[in-house]
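Geometric and topological summary
Here are the chains, one letter per residue:
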Amino acid sequence: MDAAPLIEMIDIQKVYEMGDTQVRANDGITLKIHQGEFVAIVGKSGSGKSTLMNIIGALDTPTSGKYILNGQDVSKMKGDYLAEIRNKMIGFVFQQYNLLPKQNLLENVSLPLLYAGMSEGKRKKRALEVLEKVGIGDKWRNQPNQLSGGQQQRVSIARALAGRPSLILADEPTGALDSRTSREVLDLLKELNREGNTIILITHDNSIAAEAKRVVRIMDGKITFDGKVENYKATIKEGEEEHEPDTGI
Ligand SMILES: Nc1ncnc2c1ncn2[C@@H]1O[C@H](COP(=O)(O)OP(=O)(O)OP(=O)(O)O)[C@@H](O)[C@H]1O
Ligand SMILES: [Mg+2]
């Protein structure tokens, strides 16, 4: 691919100081991701996935190294600038949905658009459009607790999509779902990718990573595999990491 990458990370280090000891949570991550990719970042507990996600998602900045997001150097940005990048460019999906319990689905999905300065009419129209896209447009008046887990995750995906972000960042999005519902959510993410959305999926589970097109595996803060999913599957078959426990509840 010749186009400039959406994400370019060069030798990213994130070091946490814990008293006398240092934890190198990310230890020299170099990575390029282009628009339209569907990448799984996979690794065991404590390998540095969330640390990396926080940097990619402009929730945190690295100790050293360079992070370019859509042509902008985010590595040393602070506070409000970082928040602006985050709001404009990234749609987040978390394991625990993070929906507002007292607001209906339409309100939940349209709220981030308010921060983006969109008029009320446009917000409602867009929110309904993305709720329909994820297959729950008819439930727009419901509150989150009136939905199943899978449906709640669809709402959070709709919310992530609403502002037309450059990137959807999903951290263990199926972690709280049963296998059938997980399947549906993964299929939805695949469909959104086919329609051109760039997706980064973070997971500890190889079988979920295998749904992406490209896999980046991290161990002890370092990338130990980066390539096509087919090649990743071949490495799993050879042994080592095959049986990571599925801690989904
Ligand atoms: N705020 C922090 N202060 C100190 N150490 C931290 C902090 N956050 C993470 N760490 C350490 O950095 C390492 C990587 O943590 P991280 O949360 O990125 O792992 P992870 O891959 O997301 O794990 P999990 O799958 O359990 O969520 C761990 O050793 C962790 O203890
Ligand atoms: Mg984590």
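These lines cover the structure that appears in this document, whether it is placed above or below. Here the structure is a predicted model, which is why all the values come from computation and not from measurement. (Residues numbered from 1 in each chain as written. Chains lettered and ligands numbered in written order. Predicted model: local features only at pLDDT ≥ 70, side-chain atom pairs only at ≥ 80, totals over all residues. Heavy atoms only, no water.)

1. Focus on the site of ligand 1
The environment of ligand 1 is made up of Y16, M18, V23, A25, K44, S45, G46, S47, G48, K49, S50 and T51. G46 places a polar main-chain atom, nitrogen or oxygen, 2.8 Å from an oxygen atom of ligand 1. Between ligand 1 and T51, the relevant distance is 2.6 Å, taken from an oxygen atom to a side-chain nitrogen or oxygen of the residue. If ligand 1 stood free it would expose 640 Å²; the protein chains cover 60% of that surface. Those elements that place two or more of their residues in the shell around ligand 1 are β1 (7-18), β2 (21-33) and α1 (49-56). (Near = heavy atom within 4 Å. Polar contact = N/O pair within 3.5 Å; in protein donor to acceptor, adjacent residues only side chain to side chain. Areas by Shrake-Rupley, 256 points an atom, 1.4 Å probe, with all protein chains shown as cover. Helix = DSSP H or I, 4+ residues; strand = E, 2+ residues; numbered from the N terminus.)

2. Topic: the pattern of salt bridges
Summed over the entire model, instances satisfying the criterion amount to 15 salt bridges. A salt bridge links E37 to R214; the shortest N-O distance between them is 2.9 Å. Taken together, the residues span a long stretch of sequence, with E37 in the loop between β2 and β3 (38-42) and R214 in strand β9 (residues 214-219) at a distance of 177 residues. Residue class for E37 comes out buried when judged on its relative accessible area of 12%. (Salt bridge = Lys/Arg side-chain N within 4 Å of Asp/Glu carboxyl O. Buried < 20%, exposed > 50% of the residue type's maximum accessible area, 1.4 Å probe, protein only.)

3. Looking at the sheet that holds strand β10 (residues 222-228)
In a beta sheet, neighbouring strands are held together by backbone hydrogen bonds and run either parallel or antiparallel to one another. Reading across the sheet, the 6 strands line up as β6-β7-β8-β3-β9-β10 and stay open at both edges, with mixed pairing between neighbours. Edge positions in the sheet fall to β6 (90-94) and β10, since each has one partner strand and no second. For this sheet, the mean angle separating the axes of adjacent strands, direction not counted, is 15°. Where β3 lies against strand β8 (residues 199-203), 5 bridges are found, and the strand directions are parallel. Across the sheet, I41 pairs through a bridge with I202, a residue of β8. Set on the sheet, α1 makes contact with β3, β6, β7 (167-171), β8 and β9; between it and β7 the angle comes to about 155°. This element, helix α6 (residues 179-194), spans β3 and β8 of the sheet and lies at about 155° to β8. (Pairing = 2+ DSSP bridges. Axes fitted to C-alpha atoms, helices over the stretch in contact; angles between N-to-C directions. Contact = heavy atoms within 4.5 Å.)

4. Focus on the packing of helix α5 (residues 149-162) against α6
It is the contact of α5 with α6, at a shortest axis distance of 10 Å, that shows an interaxial angle of 20°. By the angle class used here, α5 and α6 are roughly parallel. By crossing handedness, the relation of α5 to α6 is classed as right-handed. Between α5, through G150, Q153, R154, I157 and L161, and α6, the contact on the second element is made entirely by T181, E184, V185, L188, L189 and L192. Grouping the constituent residues of the contact of α5 with α6 by class yields 6 nonpolar, 3 polar and 2 charged. (Parallel < 35°, antiparallel > 145°, perpendicular 65-115°, else oblique. Left-handed = near helix turned anticlockwise from the far one by under 90°. Nonpolar A, V, L, I, M, F, W, Y, C, P; charged D, E, K, R; others polar.)

5. Brief notes about the environment of D60
Mapped onto the secondary structure, D60 falls in the loop between α1 and β4 (64-69). Sequence separation between D60 and S75 is 15 residues, and the spatial gap between their C-alpha atoms is 8.9 Å. The residues touching D60, leaving out its near neighbours within four places in the chain, are K14, Y16, N54 and I55. Looking at D60, its side chain comes within polar contact range of the side chain of K14, at 3.3 Å.

6. A closer look at the nonpolar core
Within the largest apolar cluster, 40 residues are counted, with the highest numbers of intra-cluster contacts made by V109, L131, V155 and I157. Counting residues per element, this core draws most heavily on α5, which supplies 6 residues. Sequence-distant contacts of L131, that is, excluding residues within four places in its chain, are made with L105, L106, V109, I136, G137, W140, V155 and A158. Counting 29 residues, the second largest nonpolar core, distinct from the first, contains M9, L31, I55 and I200. (Core = buried A, V, L, I, M, F, W, Y, C linked by side-chain atoms within 4.5 Å.)

7. Quick word on helix α2 (residues 79-89)
Within α2, the full set of buried residues consists of L82, I85 and M89. An end-on view of α2 places all buried positions within 60° of arc, on one side of the element. Turned more than 90 degrees off the buried face of α2, the exposed positions are G79, D80, N87 and K88. Buried residues along α2 sit in contact with β4, β5 (72-73), β6 and β7. (Arc of directions from axis to C-beta.)

8. Focus: a nonpolar patch on the surface
Together, Y16, M18 and V23 give the surface a local cluster of nonpolar side chains, amounting to about 270 Å² of exposed area. Locating Y16 in the fold gives a position in strand β1. The partly exposed category is assigned to Y16, whose relative accessible area is 31%. (Patch = residues over 30% accessible without salt bridge, like charges linked within 9 Å, V, L, I, M, F, W, Y side chains within 5 Å.)

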